[in-house]
Amino acid sequence: MGQVMSDEETTQRPKEELLQELAVRFKEKCFTSLEFFSLKDVFKTLADHQGDISYLKEDTIARYLEIPDILGASPVLFQMVSYIGAFPFLTEAPVILELPHLIMVVVIMTERYKRVLANGSEDRTKLLFRSMAVYDRKASITSPASPTAKVGVVDSGEEKSKSLGFEVDQPGQDEDDEYADDDLVLTAFELLDIGDAVKQGNVSEVHGAIIPTDNFRKLIMLLLLVAPLGEQDSLAQYSDRVTDIELENLRASAESILSAFVDAETSPGVRYSDFKRLIPVIAPNLFNGFNNLFGHFLFSKNLDFTKHKGDEARLKDQPAKLAQPLILNNGEILSGHLLAQIATFLPASDLFHRVRLLYSGNESGFSIGSFESKVFNWTAPTLLLVSGSRLDDKPNGGQETSFAESLPPKRFPHGSKGERVTFGVYVRQPWKHTHKDCFGDSETVLFQLEPVHDVFAASTINTDYVTFTKAPANQPCMAFGCPHPKPTKSGRTNGVFSLGAVSLLLDDSFEFGVFNHDYTSRGGAFRTSTVRKFNFQDRFQIERLEVWGCGGDKEAAAQAERWAWEEREAEARRKINLGTGSQDQDRALLEMAGLIGGNRSGGSMG
C-alpha cells in the first residue's frame, strides 16, 4: 500500500517540477561543466525579460544562429524549438523558451539525449515531424482525429488538393502512425518514474497532421546549407552559398528532395506515413546539420580564450570570413549544394573538403579510354555523376536509333516530369576492367539527384554492381546493376545489352545513357525505389560526365605514383629497338629490361 501511495504522489507532482528534474538529469549526463556554463551564459546574454520570466524570442534565435533571412526558415525553426522545448510533455507545446526548455532543445537537436534515453534513440525523426506538423482538416476526413489532438497545431487555411504526390502518398495511411508508441517520450517518463496515468495523459494521436509543403522546402534549404557546418563554424561563413546562382542551385537541390515526398504542385504537405518511410532510406543524414548548429549554444563567445580585449570592437565592422570551399576544384555538375544533397545519404566525412575532380568528359573527352586514364589507380572511393536531357519516345536520328536498337524493346514510362536528369554512383572499390565478372561491394550506392531525389542501395542477392568493358573481348560499356555482357559462341556479342532490374548503363562513347527501374522484378543488384513504386525508364543524351575522388593528398599522391610507374614502363618499352636482329636478340633485350621473363609475359608485341 505504501508503494501505491508513492506512485500517486509521483503522478501528482507538478509538470514544472518534473521538467526541472529532467533538465537536471540532462545537465548531468549530456553536458560537461564548461558546456553547461556556456549554455547558461548564452541564454543569459540573449534572453528577453517579462516580470520574473527570462525567455528567447524567434528573431533572437535566428540572429544568434545566423539563419539567412532570404531562406525564410526562421519561423519554421522557431515552431520546431517551441514544440521540442515542451519535451516530454508535448501536449503543452508550444512553450515559452525558458532555460529548462532550451536544455531540452539542445539535448534533442544535438542527439545528446542518447546518453540518457538509449531506448528512444530511433524516435527523433518522429519528434521532428511532429514539431513541424500542422493539422490539415481536409486530409483528416479519411482518418478520424483524436479528440485530444491539439499539439499546438492549427489549420493551414489553404485550399487542399486531393492529390498528395505519388500514388503511394494517399490520405488514410496514418492508422499506423505510431504516435501512441513514442519510445523517446515514454523512456523519459520512465526516467522520471512517472505513473501510467500521467503517461496516458500525455500521449497525442494526431491524424491528418502534415508538414506544409512550403515549410518543408524552406527547412530542407536550411539543412543543406548547414550540412557542412563544423562544431564552431559560423554560418555567416557560407554567405556566398545563398546569393545569385548559388541560391538557385540550393533551391533546386531542395526541390529535388521535396519531390521525393510530395508533388509540390498539388499536395498540401508531407504526411507522417511517408516521412517515416522515406527518411531512413533516401535521406538518413538530413537532420545531422542540426547537431553542430544547435551546438553553438554550448560555446559562449564570452568564454573564447583566444580573443584579446578590444578584438570584438575592432572586428565588428569587418565582413564575415568565408569558409574554405567545400570542393577542392570546380566541376560542371557537382556544386557545394549538390554535395550537401549527396551527404544526406552518404557519410559527410567522405565528402566535404574531401572530393577532387578526377575526370570530366568535357575536358578530357567522352570515351572509355580517357575515362580509364584519369580514374584508374585511384585507391579511395569515387563518385560518378552523369547528367543530360531525356530522349523522346521515338529516336531522332541515326545515333539515337542505334542506341535504341542496342537496348531491349521493352520500355517503361518516364520516371518524372522533368526533362533534365542527373544520376550518380558511389563506388568504394578501385576501378578496373571487368572481363567476366563485375566489381563493387554491398556499399555501392546508385542514386538520382534530379529532378527527383532517390537512392537505390545495393542488394546482397546479386553482385552485378559495376561493369567496365572494352572491345574486342566484350561489348564495350560502363554499367551499374546490369549483367556482365556475355560473348556469343562465335566470339561476338549479339549487340543488345541486358538491363538489370534497377540499373544505369552508359554506351562506350558516353553519348547516351539509360536508367531502368523494373519495380515488379526482383533479385537485382540494387533495391527498387521506396519513392516510386512503379516501373519507369529514362533514356537520355549525356551532356556532362564527372568522376570525383573521395580522399585527400595521400590518395592523390598514390595515384600519381602509380601513373608515374606506368609511364616509366611504357617509356622503357618504347626505347627498346626491336625487329632489327634475330628473335633471340629481341627476347634478350626484353629480359634485360625486366619486361619479360620469370612471371612476366610482357604483353602483346603486335
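Residues numbered from 1 in each chain as written. Predicted model: local features only at pLDDT ≥ 70, side-chain atom pairs only at ≥ 80, totals over all residues. Heavy atoms only, no water.

Visitor: Got a sec to walk through the overall build of the protein? Specific residues and values, please.
Guide: Looking only at helices and strands, one finds 20 helices and 15 strands in the protein. Relative to its full complement of 606 residues, the protein shows a buried share of 51%. Considering only intrachain contacts with a sequence separation of at least 6, the fraction spanning at least 24 residues in the protein is 73%. When the accessible area of the protein is evaluated, it comes to approximately 28600 Å², of which 49% is carbon and sulfur surface. (Helix = DSSP H or I, 4+ residues; strand = E, 2+ residues; numbered from the N terminus. Buried < 20%, exposed > 50% of the residue type's maximum accessible area, 1.4 Å probe, protein only. Contact = heavy atoms within 4.5 Å. Areas by Shrake-Rupley, 256 points an atom, 1.4 Å probe, with all protein chains shown as cover.)

Visitor: Summarise the environment of E419; cite the residues concerned and give the values.
Guide: When you line up the elements, E419 lands in the loop between helix 18 (398-405) and strand 8 (420-427). Sequence separation between E419 and S389 is 30 residues, and the spatial gap between their C-alpha atoms is 5.8 Å.

Visitor: An account of the packing of helix 5 (residues 74-84) against helix 6 (residues 99-109) is requested, with residue identities and associated values reported.
Guide: Two numbers describe how helix 5 lies on helix 6: the axes approach to 8 Å, and their chain directions differ by 105°. Between helix 5 and helix 6, the crossing angle belongs to the class labelled roughly perpendicular. Residues M80, V81 and I84 of helix 5 pack against M104, V105, I108 and M109 of helix 6. Tallied by class, the residues present in the contact of helix 5 with helix 6 amount to seven nonpolar, no polar and no charged. (Axes fitted to C-alpha atoms, helices over the stretch in contact; angles between N-to-C directions. Parallel < 35°, antiparallel > 145°, perpendicular 65-115°, else oblique. Nonpolar A, V, L, I, M, F, W, Y, C, P; charged D, E, K, R; others polar.)

Visitor: A description of the packing of helix 5 against helix 7 (residues 124-132) should follow, citing residues and the corresponding values.
Guide: The contact between helix 5 and helix 7 brings their axes to 8 Å, and the two run at 120°. Taken together, the axes of helix 5 and helix 7 lie oblique to each other. Of the two elements, helix 5 crosses helix 7, and the hand of that crossing is right-handed. For the pair helix 5 and helix 7, the contacting residues are Q79, M80, Y83 and I84 in the first and L127, L128, R130, S131 and M132 in the second. Tallied by class, residues from the contact of helix 5 with helix 7 come to six nonpolar, two polar and one charged. (Left-handed = near helix turned anticlockwise from the far one by under 90°.)

Visitor: An account of the pattern of salt bridges is needed here, citing residue identities and associated values.
Guide: Using the criterion set out here, one finds 19 salt bridges in the structure. Of the charged contacts in the structure, one is a salt bridge between R124 and E111, with a shortest N-O distance of 3.9 Å. Of this pair, R124 sits in helix 7 while E111 is found in the loop between helix 6 and helix 7, placing the two residues 13 residues apart along the sequence. Of the residues examined, E111 reaches a relative accessible area of 21% and is grouped as partly exposed. Its salt-bridge partner being D274, residue R277 comes within 2.8 Å of it at the nearest N-O pair. Highlighted residues: R277 and D274, both in helix 12 (residues 272-282), separated by three residues, approximately one helical turn. For D274, a relative accessible area of 0% puts it in the buried group. It is possible to trace a salt-bridge network through shared partners that takes in D214, R217, K218 and E255. (Salt bridge = Lys/Arg side-chain N within 4 Å of Asp/Glu carboxyl O.)

Visitor: Help me get a handle on the side chain of Q341, residues and values and all.
Guide: In this fold, Q341 is placed in helix 15 (residues 336-342). Look at Q341 and you get buried, because its relative accessible area is 0%. Contacts of Q341, omitting those with residues within four sequence positions, involve L224, S253, S256, I257, L449 and H453.

Visitor: Outline the environment of A86, supporting the account with residue identities and numerical values.
Guide: If you trace the backbone, A86 turns up in the loop between helix 5 and helix 6. With relative accessibility at 5%, the residue A86 sits in the buried group. The contact partners of A86, leaving out residues within four places of it in the chain, are E92, A93 and V95.

Visitor: I'd like to hear about the sheet that holds strand 5 (residues 269-271), residue by residue, with values.
Guide: With antiparallel pairing, the three strands of this open sheet are ordered in space as 3-4-5. Lying at the two open borders of the sheet, with one neighbouring strand each, are strand 3 (134-135) and strand 5. Inspection of the sheet shows strand 3 paired to strand 4 (residues 209-212) by two bridges, in the antiparallel sense. In the strand pairing of strand 4, V134 is matched with I210. (Pairing = 2+ DSSP bridges.)

Visitor: Please give an account of the packing of aromatic side chains that cites residues and values.
Guide: Taken as a whole and judged by the stated rule, the model has 27 aromatic pairs. Their ring planes at 25° and their centres at 6.2 Å tell us that F31 and F36 sit as a pair that is stacked. Of the two residues, F31 and F36, both sit in the buried class. Taken together, the aromatic side chains of Y64, F129, F216, F261, Y272, F275, F287, F290, F294 and F297 make up a single cluster linked through ring pairs. In this structure, R522 packs its charged tip against the face of Y519, placed 5.2 Å from the ring centre. (Phe/Tyr/Trp six-rings, centres within 6.5 Å; stacked < 30°, edge-to-face > 60°. Lys NZ or Arg CZ within 6 Å of the ring centre and 35° of its normal.)

Visitor: Give a description of helix 3 (residues 33-46) that names residues and reports values.
Guide: Across its 14 residues, helix 3 extends 20 Å between first and last C-alpha, which sits within 8% of the 20 Å expected from 1.5 Å per residue. Taken together, the buried positions of helix 3 are E35, F36, S38, L39, D41, V42, F43 and L46. Tucked into the core, helix 3 has its buried residues touching helix 2 (15-30), strand 1 (48-50), strand 2 (53-55), helix 4 (58-65) and helix 6. (Expected span 1.5 Å × (residues − 1).)

Visitor: Give me the lowdown on the pairing of strand 15 (residues 536-550), citing residues and values where you can.
Guide: With twelve of its 15 residues buried, strand 15 lies for the most part within the structure. Relative to strand 15, strand 6 (residues 355-360) runs antiparallel, the two sharing five bridges. By the bridge assignment, S360 is partnered in strand 15 with E546. When strand 7 (residues 382-390) meets strand 15, the two strands line up antiparallel, connected through nine bridges. In the strand pairing of strand 15, L384 is matched with V547. Examined bridge by bridge, strand 14 (residues 512-517) and strand 15 share six bridges and lie antiparallel to one another.

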